[in-house]
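# Structural overview
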Amino acid sequence: MTLDMIDRRGLVLLGCGKMGSAMLEGWLDKGIRPAAVTVIDPYPSRRLEELAGEGLRLNAGLPDNPAICILAVKPQMMGDALPQVGDVARGDTIVLSIAAGTSIGYFERMLGDHVRIVRAMPNTPAAVGRGITAITGNKRVEDTDLDLAEELLQAVGQVVRIEDEAQMDAITGVSGSGPAYVFHLIETLAAAGEAEGLAPELALQLARATVAGAGALAEAAEESPAQLRENVTSKGGTTAAALQILMDEGTGLPPLMLRAVKAATDRSRELGE
Ligand SMILES: NC(=O)c1ccc[n+]([C@@H]2O[C@H](COP(=O)([O-])OP(=O)(O)OC[C@H]3O[C@@H](n4cnc5c(N)ncnc54)[C@H](OP(=O)(O)O)[C@@H]3O)[C@@H](O)[C@H]2O)c1
């Protein structure tokens, strides 16, 4: 129903890079027609040009009062890019920003505090419909607006609603940036396999399938991640030998992950200053 309404009134996407294009593919998959989408991006990808051949409006004028306008440019580019969609502030279009660190207050100052603003933090597994996005809105946003944003974002994965915008920084540090930590885990697990004598392609295949399989099991199983870890760990066996290093309170993953997530969270706060 909601996606029908978006399809009818139109969706504007400002910035269609890694995150914008990941979400766009999900929306097209869910049945939003290319003709309902307007993309503004100075250097469109080949894929966007292909979609323009199917009716997507590329760097064209804005539709009259679109249902939603998604802001997906880098935080540092937002000030330059935003005037291109300033007209959406005249209607009742929902403005949904996915920019890290950039506060609702910033958009209220730039567009006016009468505008319905939703701030969201998605992640790139959205490209395969397995993202998770946190959302929150300003005072102008009504429940039905959040329902619309939620339905749109559910097209690319799970959605959680939060009350306190300040939590967005930590959410960015955990799930927004988190896929990169997991990809780095794959890289380092494969490199460690190579160091133990495995061929590079085999090491990468093992590491990739192990992380993907463990992730799927963690999501599907009723047991906690701690229990699933214990299920792998035989007393006096190989996993216990590795976990002694990985779980070391002083030098293992716990202090390292604390520092990494804190660095991302702090950077999100800085971007908002
Ligand atoms: N990537 C992620 O995992 C992720 C996750 C959550 C949130 N985010 C947020 O999503 C936003 C986009 O990140 P991204 O990783 O997708 O970056 P990106 O790949 O650089 O995408 C941004 C896009 O905006 C375009 N752009 C630059 N200036 C513009 C302008 N004036 N008007 C319209 N478009 C313009 C860029 O074009 P050029 O490349 O030609 O400059 C690029 O295609 C950021 O605010 C980021 O904080 C990203």
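For the structure itself, consult the block above.
Let me begin by describing the structure that accompanies this report. (Residues numbered from 1 in each chain as written. Predicted model: local features only at pLDDT ≥ 70, side-chain atom pairs only at ≥ 80, totals over all residues. Heavy atoms only, no water.)

## What to know about the packing of helix α2 (residues 18-29) against helix α3 (residues 46-53)
- Running from amino to carboxyl end, α2 crosses α3 at an angle of 30 degrees, the nearest separation of the two axes being 12 Å. Of the possible angle classes, the one that applies to α2 and α3 is roughly parallel. Helix-helix and strand crossings are classified by hand; for α2 and α3 the assignment is left-handed. Residues Leu24, Glu25 and Leu28 of α2 pack against Arg47, Leu48 and Leu51 of α3.
- When its residues are assigned to classes, the contact of α2 with α3 shows 4 nonpolar, no polar and 2 charged. (Axes fitted to C-alpha atoms, helices over the stretch in contact; angles between N-to-C directions. Helix = DSSP H or I, 4+ residues; strand = E, 2+ residues; numbered from the N terminus. Parallel < 35°, antiparallel > 145°, perpendicular 65-115°, else oblique. Left-handed = near helix turned anticlockwise from the far one by under 90°. Contact = heavy atoms within 4.5 Å. Nonpolar A, V, L, I, M, F, W, Y, C, P; charged D, E, K, R; others polar.)

## A word on the sheet that holds strand β8 (residues 157-161)
- Across the sheet, 8 strands lie side by side as β3-β2-β1-β4-β5-β6-β7-β8; this open sheet has mixed pairing. Because the sheet does not close on itself, it has two edges, and the strands there are β3 (57-58) and β8.
- Two strands pair when backbone bridges link them, and strand β2 (residues 37-40) and β3 are joined in this way by 2 bridges, in the parallel orientation. Residue pairing in the sheet places threonine 38 in a bridge with arginine 57 of β3. (Pairing = 2+ DSSP bridges.)

## Concerning the site of the ligand
- Around the ligand, 23 residues are found, and the nearest of them are Lys18, Met19, Asp41, Val73 and Ala100.
- Within the backbone of valine 73, an N or O atom sits 2.6 Å from an oxygen atom of the ligand.
- For the ligand, the accessible surface in isolation is 880 Å², of which the surrounding protein chains cover 78%.
- A breakdown of the residues in the shell around the ligand according to their chemical character gives 16 nonpolar, 4 polar and 3 charged. (Near = heavy atom within 4 Å. Polar contact = N/O pair within 3.5 Å; in protein donor to acceptor, adjacent residues only side chain to side chain. Areas by Shrake-Rupley, 256 points an atom, 1.4 Å probe, with all protein chains shown as cover.)

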